[in-house]
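Summary of the model geometry
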Amino acid sequence: MAKFSAKPKDLAKIRYTPPKTEWTETPVEFREHMFCHSAKPKDLETVGFPYGRAWSAKDDDWKLPDNWEQIILQGMKDLLGKYRSFQLFMDICVRCGACADKCHFFIGSGDPKNMPVLRAELLRSVYRGNFTLAGKILRKLAGARDLTVGVLKEWWYYFYQCTECRRCSVFCPYGIDTAEITMMGRELMNMIGLQLGWIGGPVAACYMKGNHLGLEPHTIKSSIEFFLDDIETLTGIKIEPSFNRKGAEILFVTPSGDLFANPGTYTAMGYLMLFHELGLDYTWSTYASEGGNFGFFTSNEMAKRLNSKIYAEAKRLGVKWILGGECGHMWRVLSQYMDTWNGPADFMEVPKSPITGTVFDNAKSMKMVHIAEFTADLIKHNKLKLDKSRNDHLNVTFHDSCNTSRGMGLLEEPRYIINNVCNHFHEMPENTIREKTFCCGSGTGLNASENMELRMRGGFPRANAVKYVHERYGVNLLANVCAIDRATLSASMDYWVPGVGVAGVHELVGNALIMKGEKERTQDMRLEPLPEKEGSENV
Amino acid sequence: MKLSNLLSEKRPAILERWFDVVLETYPADTKNFLQKQNNQFANPVGHTIHQGMESILNGLLSGSDLQEFSTPLDNIIRIRAVQDIAASQAVAFILSLKKLIREELEKSQRMDSFIKELSLLEDKIDTLVLMSFDIYMQCREKIYDLKANETKRLTYRLLQRANLVCEVEEPGPQQND
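Here the residue numbers are simple positions, counted from 1 along each chain's written sequence. Chain A is the first chain written and ligand 1 is the first ligand written, with later ones labelled in order. At least 70 in pLDDT is required for a residue's local features to be given in this predicted model, at least 80 for side-chain atom pairs to be given and counted, and no such filter applies to totals for whole chains, interfaces and linings, which use all residues. With hydrogens and water excluded, all non-hydrogen atoms of the structure serve as input to the side-chain values.

**A short note on the pattern of salt bridges**
- Salt bridges, as used here, are contacts in which a Lys or Arg side-chain nitrogen is within 4 Å of a carboxyl oxygen on Asp or Glu. All told, the structure shown has 47 salt bridges over all chains when counted by the stated rule.
- Of the charged contacts in the structure, one is a salt bridge between A:Asp146 and A:Arg139, with a shortest N-O distance of 2.4 Å.
- Between buried and exposed lies partly exposed: a residue is buried under 20% and exposed over 50% of the maximum accessible area for its type, with that area taken using a 1.4 Å probe on protein chains only. By relative accessible area, A:Asp146 is classed as exposed at 51%.
- Between B:Lys31 and B:Glu24 there is a salt bridge, and its shortest N-O distance comes to 2.7 Å.
- By relative accessible area, which is 28% here, B:Glu24 ends up partly exposed.
- Here the residues in one salt-bridge network are A:Glu29, A:Arg31, A:Glu453, A:Arg457, B:Asp84 and B:Arg140, joined through shared partners.

Structural data, given as structure tokens:
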């Protein structure tokens, strides 16, 4: 919403049509609720990021270093030399427009600078002006621009209105990955201290304490013990997981958000119950206590540094392989980067389920398995006793998280699990799920609260599809396998589709799981009374 | 002939012109997309607004009760309340319907014979503007609610763990003195 500032005599003059200026001539206007706070200097200093200072996007003066243009242009030259993909993506776009209407931020906002092609053009125009002959000679005719403070502000506004979800790249005939262009844009801005507080804070905390929330070992342990009390209330079973145990077969790593943020906490309870029931030889770690990686939203190098603790801890504990919890960007980082950043993990074995004997060849090199793959395999081999009717009060649909679906093709496993633990499941329309899924609108560190209006715009295409199945089939639960989804879709549903809750898939597993020696369940995982069963069905 | 009958004949033309008024508030490239992409999931903004306007227009011409306008108005205003537009702009499209209807009547040169009915219809449109403004305010207040609720969701377990919050126990059976 724009701030109301018109005087009475101006009211009659309000024009309801937008300015007819070209995009290059339309300066960015910073609107409240549309951008995040800037990073705190101490957080940047903690990890060695340069130019930490107090500044705000609304200020005219961003207190940029004197030679900021030189830093950015040199940085761009270095990145172009380092990543062939960046060079390629700067050169090959033919502006066909196939990506233009695929971005959830464009669809929700109607702002043309949110068209992926135009967002990329913000960077390309500067690339042309400084790194191509045609751009240097023909300037505007060749689509070239000078790098000015105005352009920099535009970068900052719009590269933090992209969640790197890669939906646009699915439709690009050249396969241009706009997410990588956003990554480059953010990495360049990072060189002159232009970072978000919501990213800088978690990065510094993760660097110092091992997780985004800055939880120290005793806090992690006691928060998990808190879940154990709830599980005992629910099932009558006392669970005793281990921490930092050397010699365990499996190291379990999950996003720290699930230890404190509802509804992710119920998913964490689901893990604990499942592992106990299986008698799994596993351990939690208070050092490798974060599966997520907000460093990925700053620079490649920072992401690598934060990631290094996972293999290091696996080696220290001497585990055979690593099992990972439900998370989205965590899985893109792990499955596509960890091995080449910090591998080879040749001190571990190819992951093999101790329960079913299944060998996860897909994880032969990185040695880490997603819990959806692990649990789907258990169900496939009839290793779990499940009472689907305990989820009968839930009418479920599944949101494919961008990183797990488009990033690593984890499409069937979560659905297989849901269909085996719930009686009521309905898919959203075809062009809004699987590889074409719509982003939650709050990924890549945009899940702050101060930018709530931006999040609601970006979340609308997803919410619109949920609303459809809510009205048509009575869907009342949006399941997913991502911690950021669990944290942010709750707000999106609250605004766009009241009456639809949000849950991780393993919360549903926890509900349905029949545990040996458990008392009769009268409550669900949230300790709310279970509605009267309509008839139980065991699998 | 009643005014509603005359307008019903002109309904498709009025609706498209009315929709165009809203589209004009978006940049040219966006207008093109909102107008031409027919898939309701690929273009939820265009589809929701068009469908909502159609329901409102039908409701006005068939004399629906005011409460029946709540849902289509909410669907449209909820979107406009989080876009780059001022509050006045978010609800202004409803007023423009009065102008469009008058233009149609002038074309038919029968304005005078419908003046009483027209006045009633315009009163109803004015009421819809007021309803829209209430919805707009609810949406904006909701944005602040979401921020507050999210903070609670993110930290509630932490507060519980630190024994900073507790839930009141169920009251036991009343004891007699």
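**Section: the sheet that holds strand β4 (residues 368–370) of chain A**
Residues and elements named next belong to chain A.
- When DSSP finds two or more bridges between a pair of strands, those strands are recorded as paired. Every helix listed is a DSSP run of H or I at least four residues long, and every strand listed is a run of E at least two residues long, numbered separately from the N terminus. An order of β2-β1-β3-β4 is seen for the four strands of this open sheet, with the pairing classed as parallel. One side of each edge strand has no neighbouring strand; the edge strands of this open sheet are β2 (282–284) and β4. Going from strand to strand, the sheet's axes swing by 30 degrees on average, the running direction of each strand aside.
- Relative to β4, strand β3 (residues 321–324) runs parallel, the two being bridged by three bridges. If you follow Leu-323 over to β4, its bridge partner there is Val-369.
- The contact definition used throughout considers only heavy atoms, calling two residues in contact when any of these lie within 4.5 Å. Axis definition: a line fit to C-alpha positions, over the contact stretch in the case of helices; interaxial angles, taken between N-to-C directions, run 0 to 180 degrees. In the packing of helix α13 (residues 264–278) onto the sheet, contacts are made with β1 (250–253), β2 and β3, and the angle to β2 comes to roughly 155 degrees.

**Observations concerning the domain arrangement of chain A**
Residue and element names in this part refer to chain A.
- Each domain's limits were defined by an automated method or a database of domain assignments. What the domain assignment lists for chain A is domain 1 (20–195) and domain 2 (201–512).
- Here the C-alpha centre of domain 2 lies 31 Å away from the C-alpha centre of domain 1.
- Taken residue by residue, the interface counts 34 residues in domain 1 and 37 residues in domain 2.
- Along the contact surface separating domain 1 from domain 2 lie one salt bridge.
- Those elements giving two or more residues to the side of domain 1 that touches domain 2 turn out to be α2 (41–47), α5 (104–109), α9 (167–171) and α10 (178–190).
- Among the elements that line the side of domain 1 that touches domain 2, the one with the most residues is α5, at five residues.

**A look at empty space enclosed by the protein**
Residue and element names in this part refer to chain A.
- Using a 1 Å grid laid over the protein atoms alone, points where a 1.4 Å probe fits but cannot get out form a cavity; open sets with protein on both sides within 12 Å along at least 5 of 7 lines form a pocket; any residue with an atom within 4 Å of a point counts as lining. Grid points are joined across faces, edges and corners, and a volume is the space filled by probe spheres set on the points. Counted under the stated rule, the structure contains five cavities of 30 Å³ or more.
- Taken as a whole, the largest cavity holds about 190 Å³ of empty space.
- If you go around the largest cavity, you meet 19 residues; those closest to its centre are Thr-163, Cys-402, Asn-403, Gly-443 and Thr-444.
- Of all the elements in the fold, those that place two or more residues in the lining of the largest cavity are α15 (329–342), α17 (402–407) and α20 (483–496).
- A per-class count over the lining of the largest cavity returns eight nonpolar, eight polar and three charged.
- Two domains each provide a minimum of three residues to the lining of the largest cavity, namely domain 1 (20–195) and domain 2 (201–512).
- Looking at the second largest cavity, it is lined by 17 residues, and the ones nearest its centre are Cys-93, Cys-99, Val-117, Cys-172 and Ile-176.
- Sort the elements by how many residues they give to the lining of the second largest cavity and helix α6 (residues 116–131) lands first, with four residues.
- Tallied by class, residues from the lining of the second largest cavity come to 13 nonpolar, two polar and two charged. Each residue is assigned to one class: nonpolar for Ala, Val, Leu, Ile, Met, Phe, Trp, Tyr, Cys and Pro, charged for Asp, Glu, Lys and Arg, and polar for all the others, Gly among them.

**As for a nonpolar patch on the surface**
- A contiguous nonpolar patch, built from A:Leu133, A:Ile137, A:Leu138 and A:Leu141 and spanning about 490 Å² of accessible area, is present on the exposed surface.
- Looking at the element boundaries, A:Leu138 is found in helix α7 (residues 133–138). Here the term patch refers to residues with relative accessible area over 30% and no salt bridge, with like charges joined within 9 Å and nonpolar side chains (Val, Leu, Ile, Met, Phe, Trp, Tyr) within 5 Å. Accessibility throughout is a Shrake-Rupley quantity obtained with a 1.4 Å probe, and a residue counts as covered only by protein chains that appear here.

**Re the interface of chain B and chain A**
- Of the residues lining the interface, 45 residues belong to chain B; the matching set on chain A comes to 56 residues.
- Note: buried area is the sum, over both parts, of the accessible area (probe 1.4 Å) each one loses when the two are combined. Taken together, the two surfaces of chain B and chain A that pack against each other cover about 4,400 Å², and 58% of this comes from carbon and sulfur.
- Of all residues in chain B, the largest losses of buried area upon contact with chain A belong to B:Phe41, B:Arg153 and B:Arg157, amounting jointly to 19% of the total for that side.
- Linking chain B to chain A there are five salt bridges.
- A salt bridge links B:Glu150 to A:Arg455, with the nearest nitrogen and oxygen atoms 2.7 Å apart.
- Two N or O atoms form a polar contact when they lie within 3.5 Å of each other; inside protein one atom must be a possible hydrogen donor and the other a possible acceptor, and for residues adjacent in sequence the pair counts only when both atoms belong to side chains. Applying the counting criterion to the chain B and chain A interface returns 15 residue pairs in polar contact (both at pLDDT 80 or more).
- Contributions of two or more residues to the side of chain B that touches chain A are made by α3 (28–36), α4 (44–62), α5 (70–80), α6 (87–108) and α7 (115–161) of chain B.

**A few points about the sheet that holds strand β7 (residues 501–504) of chain A**
Residue and element names in this part refer to chain A.
- Within the open sheet, the three strands sit side by side as β5-β6-β7. Their pairing is parallel. With one partner strand each, in any of the chains shown, β5 (396–398) and β7 form the two edges of the open sheet. Across the sheet, the mean angle separating the axes of adjacent strands is 30 degrees when strand polarity is ignored.
- Two elements, strand β6 (residues 477–480) and β7, share four bridges in a ladder whose sense is parallel. Bridging from a neighbouring strand, Asn-480 pairs with Gly-504 of β7.
- Sheet strands in contact with helix α21 (residues 505–512) are β5, β6 and β7, and its direction is about 80 degrees off that of β7.

**Structural notes on the environment of A:Asn130**
Residues and elements named next belong to chain A.
- Within the secondary structure, Asn-130 sits in helix α6.
- Excluding residues within four positions of it along the chain, Asn-130 makes contact with Leu-73, Lys-136 and Arg-145.
- At 2.9 Å, the side chain of Asn-130 and the backbone oxygen of Val-126 are in polar contact.

**Notes on the layout of surface pockets**
Residue and element names in this part refer to chain A.
- Put simply, the second largest pocket is a space of about 850 Å³.
- For the lining of the second largest pocket, the residue count by class is 16 nonpolar, 15 polar and eight charged.
- Counting the residues that make up the lining of the second largest pocket, at least three belong to each of domain 1 (20–195) and domain 2 (201–512).

**Structural notes on unusual backbone geometry**
Residues and elements named next belong to chain A.
- Backbone torsion omega between Asn-262 and Pro-263 reads 5 degrees, so that peptide bond is classified as cis.
- Tracing the sequence through the fold places Pro-263 in the loop between β1 and α13.
- A cis amide bond, omega 0 degrees, links Gly-343 with the succeeding residue Pro-344.
- Note on placement: Pro-344 falls in the loop between α15 and β4.

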